[in-house]
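Structure assessment
Below are the chains, spelled out letter by letter.
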Amino acid sequence: MKLSTRVSELGPSATLLISARAKELVAEGKDVLNFAVGEPDFPTPEPAIEATVQALHDGKTKYAAASGIPELKKEVAKYYKNRFNLDYEMANVSINVGAKHSLYNIFQALVEKNDEVILPAPYWVSYYAQILLAEATPVIINTTDKSFFKITTDDLKKHTTKNTKILVLNSPSNPTGCVYNRDELLSIANFCLENNILIVYDEIYEHIIYGQEHVCIATLSDDIKKNTILVNGVAKSFSMTGFRIGYILAEKNIITAINNIQSHSTSNPTTFAMDGALAALQQCLGFIDPMKLEFEKRMKYFFTEINKIPNITCFEPQGAFYLFPNMKGLLNKDINGKKYSSTLELATALLDDLHIAAVAGEEFGAPGYIRFSYATSIEQIEKCIERLKKWLS
Ligand code: PMP
Ligand code: GLU
């Protein structure tokens, strides 16, 4: 059987694949340190669980409105009003099966063959795959740790063509942890307005940010707001990855198109999970700060210790829960009688020989780096540093 051309070059999500391999090794009894998947290791807040259980008991086990229950849409709009003083109505909100699905819907609704989507690298793995699935062309802007992994309007100028339709921005960023400030966002947003480029702004890590303010790009002006599609969800802020609830805020015509796609693909996000997400937004904002403080503590420790290892240098993340050290200094050097010519090979060796699961930069369009998710205990991080030091000495 011949598969469609659309999937011929599609591999599995590397972040999920490596995490699954790590779990297999654990099942075999190996002491694996899992830094592969980006998923908070905190328990889901109790009110979200209670509301979900209650929803099940209340008989919310049937189909719901395909684009999400009105109560949750209202709550999302209210949340954006309270947090960013932004006015959105229910018709500006779509509830989806996780933010990954929000993004999938967005690309399906907005781009097609010959359209170009500007994607700064390092990028989160699924953007690239989803742009290809929509048959559009990802146009990559490469960035490095030297420029704090950020793009500028000069970069945009060089990569914009008459076919450019969307710019994807993710701040705080997965995998680098970089955060755009107000001025940077303003010049990028104005460039996009002038050049008729829609902005997809993924702010799923908005609350996991260290020592600075998260700027929602839609707050910068009314015109910028109209030109922006916001993506967010409950997975990271409330440790609810398994609930699969994400959402989009955008102009009504975009939301209608997305809702139509959803009504023919998934139908509604899981009915009772939406009650859990609603309770999270209503009652669990206080859960975030202690979690963030813990992430920050781990980051500081991991960042400081990994920087002490010769030939590894690391940019200090300003948000999210990933460390993205530059490992180029380890390539083609003798390490215990072996040489590794890429970070893909190096990451494989980390897993096979050291039982450290982390994701090679190649998967994020950034060879030379390896991503470590520090959504894991400080003890695991200490062990990781010990193993790395021993291996490299
Ligand atoms: N955007 C980014 C940048 C992410 O890291 C993730 C994590 N998977 C998502 C979107 C999707 O999150 P969700 O679990 O809600 O699908
Ligand atoms: N966002 C997480 C990560 O990057 C979850 C895995 C995924 O959805 O790809 O690891």
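Look a little higher up for the structure.
These lines cover the structure that appears in this document, whether it is placed above or below. What you are looking at is a predicted structure, and each value in this text was computed from that prediction instead of being measured. (Residues numbered from 1 in each chain as written. Chains lettered and ligands numbered in written order. Predicted model: local features only at pLDDT ≥ 70, side-chain atom pairs only at ≥ 80, totals over all residues. Heavy atoms only, no water.)

Quick word on the sheet that holds strand β4 (residues 137–142)
- In spatial order, the strands read β2-β8-β7-β6-β5-β3-β4; together these seven strands make up an open sheet with mixed pairing. Looking along the sheet, the strands with just one partner apiece sit at the ends: β2 (93–96) and β4. Taking each pair of neighbouring strands and ignoring which way they run, the sheet shows an average axis angle of 20°.
- Those strands touched by helix α6 (residues 125–133) are β3 (116–121), β4, β5 (164–170) and β6 (198–202), and its axis lies near 150° from that of β4.
- Sheet strands touched by helix α8 (residues 182–194): β5 and β6. Its angle to β5, the strand with the most contacts, is close to 165°. (Pairing = 2+ DSSP bridges. Helix = DSSP H or I, 4+ residues; strand = E, 2+ residues; numbered from the N terminus. Axes fitted to C-alpha atoms, helices over the stretch in contact; angles between N-to-C directions. Contact = heavy atoms within 4.5 Å.)

Considerations on the site of ligand 1
- In the vicinity of ligand 1, 13 residues are found, and the nearest of them are N174, D202, Y205, K236 and R244.
- Contact between ligand 1 and A99: an oxygen atom at 2.7 Å from a main-chain N or O atom of the residue.
- At 3.4 Å from a nitrogen atom of ligand 1 is found a side-chain nitrogen or oxygen belonging to K236.
- Protein coverage of the free-state accessible area of ligand 1, which is 400 Å², stands at 93%. (Near = heavy atom within 4 Å. Polar contact = N/O pair within 3.5 Å; in protein donor to acceptor, adjacent residues only side chain to side chain. Areas by Shrake-Rupley, 256 points an atom, 1.4 Å probe, with all protein chains shown as cover.)

Let's talk about the nonpolar core
- Counting 135 residues, the largest nonpolar core has L72, Y80, I217, F302, I306 and F372 as its most contacted members.
- Broken down by element, this core gets its largest block of residues, seven residues, from helix α12 (residues 288–307).
- Excluding anything up to four places from it in sequence, I217 contacts L169, L185, A189, I199, Y201, I224, T228 and L230. (Core = buried A, V, L, I, M, F, W, Y, C linked by side-chain atoms within 4.5 Å. Buried < 20%, exposed > 50% of the residue type's maximum accessible area, 1.4 Å probe, protein only.)

Observations concerning the pairing of β6
- Buried residues dominate β6, accounting for five of its five residues.
- With burial as the criterion, each face of β6 is covered, one bearing L198, V200 and D202 and the other bearing I199 and Y201.
- Handedness of the crossover joining β5 and β6 through α8: right-handed.
- Looking at chain direction, β6 and strand β7 (residues 228–233) are connected through four bridges and run parallel. When the sheet's bridge partners are listed, D202 is paired in β7 with V231. (Right-handed = clockwise from strand over helix to strand, strands pointing away.)

Side note on the sheet that holds strand β9 (residues 322–323)
- On the basis of which strands lie adjacent, the open sheet formed by three strands has the order β9-β12-β11 and antiparallel pairing. The open sheet has two edge strands with one neighbour each: β9 and β11 (359–360).
- Looking at chain direction, β11 and strand β12 (residues 370–373) are connected through two bridges and run antiparallel. Bridge pairing in β12 links A360 to I370.

Brief notes about the site of ligand 2
- Around ligand 2 sit S13, T15, L16, V37, G38, K100, W124, N174, Y205, K236, Y322 and R371, and that is every residue in its neighbourhood.
- At 3.4 Å from an oxygen atom of ligand 2 is found a side-chain nitrogen or oxygen belonging to S13.
- Between ligand 2 and the protein, one listed contact pairs an oxygen atom with a side-chain N or O atom of R371 at 2.8 Å.
- Coverage of ligand 2 by the protein amounts to 90% of the 280 Å² it exposes when considered alone.
- Residues of the shell around ligand 2, tallied by class, amount to five nonpolar, four polar and three charged. (Nonpolar A, V, L, I, M, F, W, Y, C, P; charged D, E, K, R; others polar.)

Digging into α12
- Between the first and last C-alpha of α12 there are 28 Å, a value that for 20 residues agrees with the 28 Å anticipated at 1.5 Å per step.
- What α12 keeps buried is the set I288, M291, K292, F295, E296, R298, M299, F302, F303, E305 and I306.
- Taken together, the buried residues of α12 touch β9, β12 and α14 (378–392). (Expected span 1.5 Å × (residues − 1).)

Some remarks on helix α4 (residues 70–84)
- Over its 15 residues, α4 runs 21 Å from end to end, which matches the ideal 21 Å to within 8%, given 1.5 Å per residue.
- For α4, the set of buried residues is L72, K73, E75, V76, A77, Y79, Y80 and F84.
- Looking at the packing, one finds that the buried side of α4 touches β2, β7, β8 (246–249) and α11 (271–283).
- Trailing α4 by a residue or two, N85 shows a phi angle of about 55°, which is positive.

Observations concerning the pattern of salt bridges
- Within the structure shown, the criterion is met by 20 salt bridges.
- The residue K297 makes a salt bridge to E294 at a minimum N-O spacing of 3.3 Å. Here K297 and its partner E294 are both found in helix α12, three residues apart, which amounts to about one turn of the helix.
- The shortest N-O distance in the salt bridge between E305 and K389 comes to 3.7 Å. Pair noted here: E305 is in helix α12 and K389 is in helix α14, with a separation of 84 residues, a long-range link.
- For E305, a relative accessible area of 14% translates into the label buried.
- Through salt bridges with shared partners, one network takes in D41, E294, K297 and R298. (Salt bridge = Lys/Arg side-chain N within 4 Å of Asp/Glu carboxyl O.)

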